[in-house]
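Each chain, letter by letter, is given below.
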Amino acid sequence: MEKITYSKWDDEVQESLNHELKDFMDVIKWAYQTYEEDILYACSFGAEGIVLTDLISKVNPHATVVFLDTDLHFKETYQLIEKIKKRYPKLHVKITRPALTLAQQAEEHGDKLWERNPNQCCYIRKIEPLEKELNEVEAWISGLRREQSANRANTEYINKDNQFKKVKICPLIHWTWEDVWTYIELNKLDYNELHDQNYPSIGCEKCTLPVFNDSDSRAGRWSSFEKNECGLHQ
Ligand code: SF4
């Protein structure tokens, strides 16, 4: 199968790849065969994240998995990452941090920026750090699923990422929430304990609330704002 890059993007190649790749495993295998060391998986270690980490480890046990540590995650998330490192010792779990510490951010932009301007806070603590990591590779993998939200409903296996100017690969687009949890249970994967406390989608502690209806799995994120994406996916 052909390789596609952002700088030599070809809609016909994208279309034929999206058609030829049969399922999630086919997508993951193609991704690592095609980009070899030139690809990373950006993982927040939510439910989809641990599934994808497990699947990727079967294809490339030495894959690079990047976690954007905003310094504001739940303690349960940090605990889960330690379990992941033990379960997959060959994976390169890379923790990347923002250029500004929380104290520096408060000094430059004021205290509790997430309460006043979450877009700017996400930009400093998530988007810039991911951009720095993506500067080193041609492609990245994400655990987006189409049913997660209206914004994600048109995601393809292979996507042109105009924000980061990379190829974005999303193997799990057709998975349902039930598929994710069936896989977790069958494979006895460790998962974030907050999922058992009505947190379907888990981000920073300051911006994540539990959800008590099943209308939108991301309803608990930035619930006081007209915002349901951190800006990594446009
Ligand atoms: S999710 Fe909230 S706390 Fe985390 S980076 Fe974005 S605005 Fe800041």
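Model, not experiment: these values are computed from the prediction.

Analysis parameters
- Residues numbered from 1 in each chain as written.
- Predicted model: local features only at pLDDT ≥ 70, side-chain atom pairs only at ≥ 80, totals over all residues.
- Heavy atoms only, no water.
- Phe/Tyr/Trp six-rings, centres within 6.5 Å; stacked < 30°, edge-to-face > 60°.
- Helix = DSSP H or I, 4+ residues; strand = E, 2+ residues; numbered from the N terminus.
- Buried < 20%, exposed > 50% of the residue type's maximum accessible area, 1.4 Å probe, protein only.
- Lys NZ or Arg CZ within 6 Å of the ring centre and 35° of its normal.
- UniProt positions renumbered as here; feature names shortened; annotations may be inferred.
- Contact = heavy atoms within 4.5 Å.
- Core = buried A, V, L, I, M, F, W, Y, C linked by side-chain atoms within 4.5 Å.
- Near = heavy atom within 4 Å.
- Nonpolar A, V, L, I, M, F, W, Y, C, P; charged D, E, K, R; others polar.
- Salt bridge = Lys/Arg side-chain N within 4 Å of Asp/Glu carboxyl O.
- Pairing = 2+ DSSP bridges.
- Axes fitted to C-alpha atoms, helices over the stretch in contact; angles between N-to-C directions.

Chemist: What is the right way to read the packing of aromatic side chains from this model?
Modeler: Note on aromatic pairs: each is described by the distance of the centres and the angle between the planes. Summed over all chains, the structure comprises nine aromatic pairs. Aromatic side chains Phe-45 and Phe-67 sit 5.8 Å apart centroid to centroid with 45° between the ring planes, which places their arrangement in the tilted category. In this pair, Phe-45 sits in the loop between β1 (39-42) and α3 (47-59) while Phe-67 sits in strand β2 (residues 64-68), placing the two residues 22 residues apart along the sequence. The buried category is assigned to Phe-45, whose relative accessible area is 1%. Lying over the aromatic face of Tyr-6, Lys-160 brings its terminal NZ or CZ to 5.3 Å of the ring centre.

Chemist: Would you explain the UniProt feature "binding site: [4Fe-4S] cluster" (unreviewed entry) in the protein chain in this entry?
Modeler: Those places that UniProt annotates as "binding site: [4Fe-4S] cluster" (unreviewed entry) correspond, in this numbering, to Cys-121, Cys-122, Cys-204 and Cys-207. Spanning 87 residues, the annotated positions come together in the fold, the maximum distance between their C-alpha atoms being 11.0 Å. Among the structural elements, Cys-122 can be located in helix α7 (residues 118-134). Structurally, the position occupied by Cys-204 is in the segment after α8 (177-186). Residue Cys-204 is classed as buried on the basis of its relative accessible area of 11%. Filtering out sequence-adjacent residues up to four positions away, Cys-204 remains in contact with Thr-70, Leu-72, His-73, Phe-74 and Lys-126.

Chemist: Looking at this model, I keep getting lost on the nonpolar core. Mind explaining?
Modeler: General note: in soluble globular proteins, nonpolar side chains tend to be found buried as a group. With 47 residues, the main nonpolar core has Ile-4, Trp-30, Phe-45, Leu-55, Ile-141, Ile-158 and Ile-169 as its most contacted residues. Ranked by residue count, the leading element in this core is helix α2 (residues 24-35), at seven residues. Contacts of Trp-30, omitting those with residues within four sequence positions, involve Met-1, Glu-2, Ile-4, Leu-17, Leu-21, Tyr-35, Ile-158 and Ile-169. Formed by eleven residues, the second largest nonpolar core is a distinct cluster that contains Val-66, Ile-127, Phe-164 and Leu-232.

Chemist: Sorry, what's going on with the site of the ligand here?
Modeler: Taken together, ten residues form the shell around the ligand, and within it Pro-118, Cys-121, Cys-122, Cys-204 and Cys-207 come nearest. The element that contributes the greatest number of residues to the shell around the ligand is α7, accounting for five residues. Here the shell around the ligand is built from residues that sort into eight nonpolar, no polar and two charged.

Chemist: Where do I start with the pattern of salt bridges in this structure?
Modeler: Side-chain pairing between opposite charges can occur once the charged atoms of the two side chains come close. Following the criterion strictly, the structure yields eleven salt bridges and no others. The closest approach of N and O atoms between Asp-54 and Lys-58, which form a salt bridge, is 3.3 Å. Of the two residues, Asp-54 and Lys-58 both sit in helix α3, four residues apart, roughly one turn of that helix. On the basis of relative accessible area, Lys-58 is assigned to the exposed category, the value being 52%.

Chemist: Can you help me understand the sheet that holds strand β4 (residues 139-141) in this one?
Modeler: Read across the open sheet, the six strands follow the order β3-β2-β1-β4-β6-β5; overall the sheet is mixed. Lying at the two open borders of the sheet, with one neighbouring strand each, are β3 (92-96) and β5 (158-161). Shown here is a sheet whose adjacent strand axes are inclined to one another by a mean of 30°, direction ignored. Across four bridges, β5 lies against strand β6 (residues 166-169) in antiparallel orientation. Each residue of the ladder has a partner; that of Asp-161, found in β6, is Lys-166.

Chemist: Is there a simple way to explain the environment of Gln-79 in this structure?
Modeler: Mapped onto the secondary structure, Gln-79 falls in helix α4 (residues 75-87). Residue Gln-79 is classed as partly exposed on the basis of its relative accessible area, which comes to 38%. Counting along the chain gives 111 residues from Gln-79 to Asp-190, while the straight-line C-alpha distance between them is 10 Å.

Chemist: Is there a simple way to think about unusual backbone geometry in this case?
Modeler: Peptide bonds are trans in most cases, and residues, glycine excluded, mostly fall at negative phi. Phi is positive for Lys-188, which is not a glycine, with a value near 50°. Counting through the fold element by element, Lys-188 comes out in the segment after α8. The phi dihedral of Asn-198 is positive, around 70°, even though this residue is not glycine. Mapped onto the elements, Asn-198 comes out in the segment after α8. Owing to a relative accessible area of 36%, Asn-198 belongs among the partly exposed residues under this scheme.

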